[in-house]
Amino acid sequence: GDSVTQMEGPVTLSEEAFLTINCTYTATGYPSLFWYVQYPGEGLQLLLKATKADDKGSNKGFEATYRKETTSFHLEKGSVQVSDSAVYFCALSAPPGAGGTSYGKLTFGQGTILTVHP
Amino acid sequence: ETGVTQTPRHLVMGMTNKKSLKCEQHLGHNAMYWYKQSAKKPLELMFVYSLEERVENNSVPSRFSPECPNSSHLFLHLHTLQPEDSALYLCASSQRTGGTGELFFGEGSRLTVL
């Protein structure tokens, strides 16, 4: 079945450091790929997405490129801020009909806790 | 209101109580979901309603009972819960067809079972 594997956390960085959170996936066909972010006490928010190979999703200084050859979707940011402290989830979406479902099933990674210090 | 709204945001209940969580989406979507988020565990999909078809995770105990009266509203009825059911319960919605499969989440209902 489909699966998403994220790098183990927690990740602790100083402000303005470079961030990479690795994400690899296993899926049949051509899934869409997502990064979600969860700030303390809140639900998950979509950070960025990519729907086909070589697409680059970007938002708020974060970027991730859909690499089909390496089945990866690593999240990067050139200069993190204290306000980026949150939990980051990589996810993939199989289209309706895949695996016998009638809905688009979203599979999440386990989440990576990021803490940024001033 | 916009997006996905969940009430209550916080709930404390005893093991013999009966309570309900409510979710409402204002996005015109036709699929709604309940997820459970426990500390140090992956997000767990509990139930899906897609075009009024209910799909459930067979590992969800019967003390959790979903209800979806229409495409905009979703409930999770709770009864005789256990302390290990304490968690953040997240509601989400999506467009079943024509979209990229992304989910839109509410802010969650934090449940504590005493």
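Up top is the structure these notes are about.
Note that the structure is a prediction, hence the values are computed from the model and not measured.

Trainee: So, the state of the cysteines: which residues are in play, and what are the values?
Mentor: Residue and element names in this part refer to chain A. All chains considered together, the criterion is met by 2 disulfides over all chains. Here Cys-23 engages in a disulfide with Cys-90; their sulfurs sit 2.0 Å apart. With the S-S dihedral at roughly -70°, the linkage between Cys-23 and Cys-90 falls on the left-handed side. With a gap of 67 residues between them, Cys-23 in strand S4 (residues 23–26) and Cys-90 in strand S10 (residues 86–94) connect regions that are remote in the sequence. On the basis of relative accessible area, Cys-23 is assigned to the buried category, the value being 0%. Among the residues examined, Cys-90 registers a relative accessible area of 1% and is labelled buried.

Trainee: Which residues make up unusual backbone geometry, and what values do they have?
Mentor: The step from Gly-9 of chain A to Pro-10 of chain A runs through a cis peptide bond, and the omega angle for that step is -10°. One can find Pro-10 of chain A in the loop between strand S1 (3–6) and strand S2 (11–14). Cis peptide bonds are those with omega within 30 degrees of zero, and the linkage from Thr-7 of chain B to Pro-8 of chain B qualifies with -10°. Residue position: Pro-8 of chain B is located in the loop between strand S1 (4–7) and strand S2 (10–13). Positive phi outside glycine occurs at Glu-16 of chain A, with the angle close to 75°. Here Glu-16 of chain A lies in the loop between S2 and strand S3 (19–21). A positive phi angle is found at Lys-60 of chain A, which is not glycine, with a value near 55°. For Lys-60 of chain A, the location among the structural elements is in the loop between strand S7 (56–59) and strand S8 (62–65).

Trainee: Describe the nonpolar core, with residues and values.
Mentor: Judged by nonpolar contacts, the single largest core of 26 residues is most densely connected at Leu-19, Trp-35, Leu-47, Leu-48, Phe-73, Leu-75 and Tyr-88 of chain A. Elements supplying a minimum of two residues to this core: S2, S3, S4, strand S5 (32–38), strand S6 (44–50), S8, S10 and strand S12 (112–117) of chain A. Those residues in contact with Leu-48 of chain A that lie beyond four places of it in its chain are Leu-33, Phe-34, Trp-35, Gly-57, Ser-58, Asn-59, Phe-62, Glu-63, Ala-64, Phe-73 and Leu-75 of chain A. In terms of nonpolar packing, the next biggest core, distinct from the first, is built from 21 residues, Leu-11, Met-32, Phe-47 and Leu-74 of chain B among them.

Trainee: Go over the packing of aromatic side chains, please, and point to the residues and values.
Mentor: Taken as a whole and assessed by the stated rule, the structure comprises 11 aromatic pairs over all chains. Seen from their ring centres, Phe-89 of chain A and Phe-108 of chain A are 6.3 Å apart, and the 90° between their planes marks the pair as edge-to-face. Of this pair, Phe-89 of chain A sits in strand S10 while Phe-108 of chain A sits in strand S11 (residues 105–108); the two residues are 19 residues apart in sequence, bridging distant segments of the chain. Looking at Phe-89 of chain A, the relative accessible area reads 3%, which means it is buried. Each residue in the set Phe-34, Tyr-36, Phe-89 and Phe-108 of chain A together with Tyr-33, Tyr-35 and Phe-105 of chain B is aromatic and connected to the rest through ring pairs, giving one cluster.

Trainee: Report on the sheet that holds S1 of chain B, specifying residues and quantitative values.
Mentor: The strands making up a sheet associate through hydrogen bonds between their backbones, and the pairing can be parallel or antiparallel. All names here are of chain B. Spatially, the 4 strands line up as an open sheet ordered S1-S3-S8-S7, and their pairing is antiparallel. The strands lining the two open edges of the sheet, one partner per strand, are S1 and strand S7 (64–70). Within this sheet the neighbouring strands show an average axis-to-axis angle of 20°, counted without direction. Note that S1 and strand S3 (residues 18–25) share 4 bridges and pair antiparallel. Bridge pairing in S3 links Val-4 to Gln-25.

Definitions and cut-offs
- Residues numbered from 1 in each chain as written.
- Chains lettered and ligands numbered in written order.
- Predicted model: local features only at pLDDT ≥ 70, side-chain atom pairs only at ≥ 80, totals over all residues.
- Heavy atoms only, no water.
- Disulfide = S-S within 2.5 Å.
- Helix = DSSP H or I, 4+ residues; strand = E, 2+ residues; numbered from the N terminus.
- Buried < 20%, exposed > 50% of the residue type's maximum accessible area, 1.4 Å probe, protein only.
- Core = buried A, V, L, I, M, F, W, Y, C linked by side-chain atoms within 4.5 Å.
- Contact = heavy atoms within 4.5 Å.
- Phe/Tyr/Trp six-rings, centres within 6.5 Å; stacked < 30°, edge-to-face > 60°.
- Pairing = 2+ DSSP bridges.
- Axes fitted to C-alpha atoms, helices over the stretch in contact; angles between N-to-C directions.

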